[in-house]
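Chain and residue survey
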Amino acid sequence: RLSGAVSDVTSRDANLVTVYVTTSDPALSIAICSRIISAVNEFNLTKRHGRATAERAFTETRLADVRTALRHAEEALKSFNERNRPPLLSAQLRMEAQRLQREVDLQQSLFLSLAQALEQAKIDEVRDTPVVTVVERPDLTVARELNPLIAALTFALIATATAATALWIRQRH
């Protein structure tokens, strides 16, 4: 029933959507328009909150996995260093030590990145800034349809007055 009463105009350049509601009752039009704005805002907030919650949950799981991998890499490096204490290591042992150190460095880097991402996801999850900004509240602009008979009579009256004025000016000159 509302499909004929509701229309919109979208300006992609300005990222602006104008909603028009036309019913026989102006108060009903305003109520419908206000509800449309409210429903769109609720949808956007719910969708964004759901996405933020999913991102936070994924990041928490990934952070736990990386924390475990970092502990294993640190333990492997520690164990290697304890087994190979002599100051002059062979080239092969030095290469292995460097490889283990790179693995620790990589896991530390991943851990720090994910910890920062988790904090941002927590912030995004609780943020409730509306996605939809109402530029103008619904107002009562009543567009009255012109009665065709009155329009025809008005046009005839204006045409007659214009013709009479033109004749009068022509006769005077």
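Further up the page is the structure itself.
Within any chain, residue numbers begin from 1 and follow the written order of that chain's sequence. In keeping with the predicted nature of the model, local features appear solely for residues at pLDDT of at least 70, side-chain atom pairs appear and are counted solely at 80 or more, and the whole-chain, interface and lining totals rest on all residues. The side-chain quantities take in all heavy atoms of the structure and omit both hydrogens and water.

Notes on the overall build of the protein
Going by this rule: A run of H or I in DSSP becomes a helix once it reaches four residues, and a run of E becomes a strand once it reaches two; helices and strands are each numbered from the N terminus. Accessibility here uses a 1.4 Å probe with only protein chains present; expressed as a share of the type maximum, an area under 20% marks a residue as buried, one over 50% as exposed, and anything in between as partly exposed. By the convention used here, residues are in contact when the closest approach between their heavy atoms is within 4.5 Å. All accessibility values rest on the Shrake-Rupley procedure with a 1.4 Å probe; residue burial counts only the protein chains present in the view.
Secondary structure summary: the protein contains three helices and two strands in total. Along the protein, helices (α) and strands (β) appear in the sequence β-β-α-α-α when read from the amino end. A total of 173 residues make up the protein; the buried ones form 13% of that total. A sequence separation of at least 24 residues applies to 63% of the contacts in the protein between residues at least 6 apart. Within the structure as shown, the protein displays about 13,900 Å² of accessible surface, and the carbon and sulfur contribution to it stands at 58%.

Regarding the packing of helix 1 (residues 26-83) against helix 2 (residues 91-126)
To keep things clear, this is the line we draw: Lines fitted to the C-alpha atoms define the axes, with helices restricted to the stretch that makes contact. Angles between their N-to-C directions range from 0 to 180 degrees. Geometric relationships in this document are graded by angle, where less than 35 degrees denotes roughly parallel, more than 145 denotes roughly antiparallel, 65 to 115 denotes roughly perpendicular, and other angles denote oblique. Working rule for handedness: look at the near helix, and if it is turned counterclockwise from the far one by less than a right angle, call the crossing left-handed; if clockwise, right-handed. Each residue is assigned to one class: nonpolar for Ala, Val, Leu, Ile, Met, Phe, Trp, Tyr, Cys and Pro, charged for Asp, Glu, Lys and Arg, and polar for all the others, Gly among them.
Closest axis-to-axis distance for the helix 1/helix 2 pair is 8 Å, and the angle between their directions is 160°. As summarised for this structure, helix 1 and helix 2 are arranged roughly antiparallel, according to the angle between their axes. For helix 1 against helix 2, the interelement crossing comes out left-handed. Considered class by class, the residues forming the contact of helix 1 with helix 2 number 20 nonpolar, six polar and 11 charged.

Quick word on the pattern of salt bridges
Rules: For salt bridges, the criterion is a side-chain nitrogen of Lys or Arg within 4 Å of an Asp or Glu carboxyl oxygen.
Applying the stated criterion across every chain yields a total of four salt bridges. The shortest N-O distance in the salt bridge between Arg56 and Glu60 comes to 2.9 Å. Pair noted here: Arg56 and Glu60 are both in helix 1, with a separation of four residues, about one helical turn. Judged by its relative accessible area of 17%, Arg56 is buried. Its relative accessible area of 33% is what places Glu60 among the partly exposed residues. Between Glu96 and Arg99 there is a salt bridge, with the nearest N and O atoms lying 2.7 Å from each other. A residue pair is termed a helical-turn pair when its members lie 3 or 4 positions apart in one helix, as Glu96 and Arg99 do in helix 2 at three residues. Given the relative accessible area of 39%, Arg99 is considered partly exposed.

Topic: the pairing of strand 1 (residues 6-11)
Quick note on the threshold: Only when DSSP finds a minimum of two bridges between them are two strands counted as paired.
Bridge count for strand 1 against strand 2 (residues 16-21) is six bridges, and the pairing is antiparallel. Its bridge partner being in strand 2, Ser7 is matched across the sheet by Tyr20. The hairpin formed by strand 1 and strand 2 contains four residues between the paired strands, and Asn15 there has a positive phi angle of roughly 50°.

Quick look at the environment of Val66
Mapped onto the fold, Val66 is located in helix 1. Of the residues examined, Val66 reaches a relative accessible area of 2% and is grouped as buried. In contact with Val66, not counting residues within four places along its chain, are Gln107, Leu110, Phe111 and Leu114.

Quick notes on helix 1
The following threshold applies: In this analysis, the expected span of each helix is defined as 1.5 Å times one less than the number of residues it contains. Pairing of N or O atoms within 3.5 Å defines a polar contact, subject to two protein rules: one partner must be a possible hydrogen donor and the other a possible acceptor, and residues neighboring in sequence count only if both atoms are side-chain atoms.
Here helix 1 is 58 residues long and its end C-alpha atoms lie 85 Å apart, about the 86 Å a rise of 1.5 Å per residue gives. Those residues of helix 1 lying buried are Ser29, Ile32, Cys33, Ala52, Arg56, Thr59, Leu63, Val66, Leu70, Ala73, Leu77 and Phe80. The inward-facing, buried residues of helix 1 contact strand 1, strand 2 and helix 2. With a side-chain oxygen lying 3.2 Å from the backbone nitrogen of Ala27, the N-terminal cap of helix 1 falls on Asp25.

Focus on the environment of Glu75
Summarising the element assignment, Glu75 is placed in helix 1. Classification of Glu75 by relative accessible area gives partly exposed; the value is 48%. Sequence-wise, Glu75 and Leu100 are 25 residues apart; in three dimensions their C-alpha atoms are separated by 9.8 Å.

Some thoughts on the environment of Phe111
By the element assignment, Phe111 lies in helix 2. Along the sequence, Phe111 and Thr68 sit 43 residues apart, while their C-alpha atoms lie 9.9 Å from each other. Not counting chain neighbours up to four residues away, the residues in contact with Phe111 comprise Leu63, Val66, Arg67 and Leu70.

Function cannot be read off these values alone, since they describe shape.
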